[in-house]
Amino acid sequence: MPSRSWRHSVGLTATLALCACGGADESDRYLFDFVYGSDALAQASASFVSLDGLSFTVETLTFRLADLRMDLPPATRCEAYEEVLSPRMACHDFVGPPVPLPLPASPEDMPGVLHLPGPVELGTGKRLSVGGEQVFIPRVYYPAIDARWVPGTPEQPSFQLRARFTYQGKPHVLEFAFQSDEPMRFESRGVSMGLPKEFSEHPAAFGGSLYMGGWLNGTDISGCLATGDLTLDGNVLRLETGRGTCADAATNMRLNIQQSGDLFTGLRL
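All of these numbers come straight from a predicted model, not from anything done at the bench. Here the residue numbers are simple positions, counted from 1 along each chain's written sequence. Predicted model: local features are reported for residues with pLDDT of at least 70 only, side-chain atom pairs are reported and counted for 80 or more only, and whole-chain, interface and lining totals are derived from all residues. Here the side-chain values reflect all heavy atoms present in the structure, with hydrogen atoms and water set aside.

### Here's the deal with the pairing of strand 8 (residues 144-149)
When DSSP finds two or more bridges between a pair of strands, those strands are recorded as paired. In DSSP terms, a helix is any run of H or I states spanning at least four residues, a strand is any run of E spanning at least two, and both are numbered starting from the N terminus. Pairing of strand 3 (residues 55-71) with strand 8 involves 3 bridges; the strand directions are antiparallel. Looking across to strand 8, one finds that Ala66 is bridged to Arg148. Of the pairings in the sheet, the one linking strand 8 to strand 11 (residues 183-187) comprises 5 bridges and is antiparallel in character. Residue pairing across strands places Arg148 opposite Pro183, the latter belonging to strand 11.

Here it is as structure tokens:
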């Protein structure tokens, strides 16, 4: 499997990507969308590994986000991008802090904010769209994407995963879901270049990624199954059954997922 540095050298598989639409020149816009994965080359078999080396391959994954926000560069005004910005994405110029700053800043020097209220549902076979349309944004530098999880319900959670794995020579399935109303932040964990293959028809894409590589860090799945600290329901593993050394397995995986937000910027070469 390619290293994390290689993953960043070619872009990310699991990503939030934004694009500009309308009559603007392609050089002025990004496509915006979400993806997930452990490297840029293996989205078709996106996988992650537990502490004991068991490999989990995603069958389906769905996650739901709302209130997506990105700061524009300082001194950038929304009016400069009226022809580039998708009508589905709102742009708000800086209007000043609620409390005066120690050193007052000129509004012209403060960044505007792009805002997509959502909610949006993303994941396996789900490209980002609003009203059936892709979303586009100006091609400028974005330091982060801030969002929040859609709280959801037990029937439609914030995050839901089904992944295959093999234990003692037999096929099994991990089912995992959680509900959350916490913030979710996507920010760069390194230098990313290149364009993920799922956006190969677009000249440029920017986005955020759920990096799966550390989702089961610290969890010994095989060891806990052997001791009974994790149990199987037929061939289905649910981390919520954990006890003993795996009592926090579900909580740890949720926290790892919530801290796995990354960024990518891709240009088609």
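### Brief notes about helix 3 (residues 249-258)
Summary of the burial criterion: residues with accessible area below 20% of their type's maximum are buried, those above 50% are exposed, and those between are partly exposed, where the area comes from a 1.4 Å probe applied to protein chains only. Listing the buried residues of helix 3 in full gives Ala249, Ala250, Met253, Ile257 and Gln258. Seen along its axis, helix 3 keeps its buried residues to an arc of 165°; they face one direction. It only takes one pair of heavy atoms within 4.5 Å for two residues to be counted as in contact. Here the buried face of helix 3 lies against strand 2 (47-49), strand 8, strand 9 (159-167), strand 10 (170-178), strand 11 and strand 12 (204-211). This arc corresponds to the set of directions leading from the helix axis out to the C-beta atoms.

### Details of the state of the cysteines
Note on disulfides: each one is a pair of cysteine sulfur atoms within 2.5 Å. Counted according to the given criterion, the structure contains 2 disulfides. Here Cys78 connects covalently by a disulfide to Cys91, the sulfurs 2.1 Å from one another. Taking the sign of the S-S torsion, -80° for the link of Cys78 and Cys91, the bridge is left-handed. Linking Cys78 in the loop between strand 3 and strand 4 (90-92) with Cys91 in strand 4, this pair joins segments that are 13 residues apart in sequence.

### Some thoughts on the pattern of salt bridges
Salt-bridge detection follows one rule: a side-chain nitrogen of Lys or Arg within 4 Å of a carboxyl oxygen of Asp or Glu. Within the structure shown, the criterion is met by 13 salt bridges. In the salt-bridge network here, residues are joined through shared partners; they are Glu59, Arg162, Glu175, Asp233 and Arg238.

### What to know about the confidence of the model for the protein chain
You can read pLDDT as the predictor saying how much it trusts each residue, on a scale of 0 to 100. Per-residue pLDDT for the protein chain averages 83, and the proportion of residues at 70 or more is 79%. In the model, residues 1-24 has pLDDT below 50 throughout and makes 121 contacts with residues more than four positions away in sequence or in other chains. In the predicted structure, residues 40-44 sits below a pLDDT of 50 and forms 15 contacts with residues beyond four places in sequence or in another chain.

### Digging into the nonpolar core
Generally speaking, soluble globular proteins have nonpolar side chains that are buried together. Counting 59 residues, the largest nonpolar core has Phe48, Leu65, Phe159 and Leu239 as the members making the most contacts within it. Among the elements that make up this core, the one with the highest residue count is strand 3 (7 residues). When near neighbours in sequence (up to four residues on either side) are disregarded, Phe48 contacts Leu54, Ser55, Phe56, Val58, Leu161, Ala163, Leu174, Met212, Trp215, Leu216 and Met253. Only buried Ala, Val, Leu, Ile, Met, Phe, Trp, Tyr and Cys residues count toward a nonpolar core, and they belong to the same one when joined by side-chain atoms within 4.5 Å.

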